[in-house]
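In case you want the letters, here they are:
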Amino acid sequence: DRLILARYDDDKGVWVPLVSTVDKTNRQVTARTNHFSTFQIMQVNPSASVQDAKVFPNPFRPPRGHTSVTFANLPADASIKIYTLTGSLVRELIASASGLSSWDAKNESGESVASGVYFALIEGTGGKKTLKVAIER
């Protein structure tokens, strides 16, 4: 459950984890990406605390090829609630066993959210943490 695919970001010189699905029966790890790159399978351990949480890309820009917002370094099964500036709930997510979650910048009805700043309230082991997420359409 902790295996993921990661792509190498040549510009930054770092491995970027991709939200991945592990099929133990067929011994496969799959993930989605928006371009060709160098990939590797990695083992990721979930964080012990929500205080380590990160979000990327931020800002999220679909015209630049961004397909989803990734929340990383989360405790396993942490909950993520995304809100507008006025406090309206947009979407609820759950972190995977590897401490990752992905948001497609859509609301619960499947509609793309507007450009703006959103708050992600993350709750799990170690308490709560709020992150800002910017969407630029």
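Look up: the structure comes first, before these words.
This section reports on the structure supplied with the text. Being a predicted model, the structure only gives us computed values, none of them experimental. As a convention, each chain's residues are numbered from 1 in the sequence order in which they are written. With the structure being a predicted model, the display of local features is reserved for residues of pLDDT at least 70 and the display and counting of side-chain atom pairs for 80 or more, all residues being used for whole-chain, interface and lining totals. Just so you know, side-chain values use all the structure's heavy atoms and leave hydrogens and water out.

**Here's the deal with the sheet that holds strand β6 (residues 54-56)**
Two strands pair under a simple rule: DSSP has to find at least two bridges between them. We count a stretch as a helix when DSSP gives it H or I for four or more residues in a row; a strand needs E for two or more, and each element gets its number in order from the N terminus. On the basis of which strands lie adjacent, the open sheet formed by three strands has the order β6-β7-β10 and antiparallel pairing. Looking at the sheet topology across the chains shown, the edges are occupied by β6 and β10 (101-103). Averaged over all adjacent pairs, the angle separating strand axes in this sheet is 20 degrees, with direction ignored. Two strands pair when backbone bridges link them, and strand β7 (residues 69-72) and β10 are joined in this way by three bridges, in the antiparallel orientation. Across the sheet, residue F71 finds its bridge partner in β10, namely S101. Structural elements are reduced to axes, namely lines fitted to C-alpha atoms, with helices fitted over the stretch in contact, and the angle between N-to-C directions of any two is expressed from 0 to 180 degrees.

**Considerations on the pattern of salt bridges**
Salt-bridge detection follows one rule: a side-chain nitrogen of Lys or Arg within 4 Å of a carboxyl oxygen of Asp or Glu. Taken as a whole and judged by the stated rule, the model has four salt bridges. Here R91 ties to D104 by a salt bridge, and the two come within 2.7 Å at their closest N and O atoms. A residue pair is termed long-range when its members are at least 10 positions apart, and R91 in strand β9 (residues 89-94) and D104 in the loop between β10 and β11 (116-124) qualify at 13 residues. With a relative accessible area of 19%, R91 lands in the buried category. Only protein chains enter the calculation, and the probe is 1.4 Å; a residue is then buried if its accessible area is under 20% of its type maximum, exposed if over 50%, and partly exposed in between.

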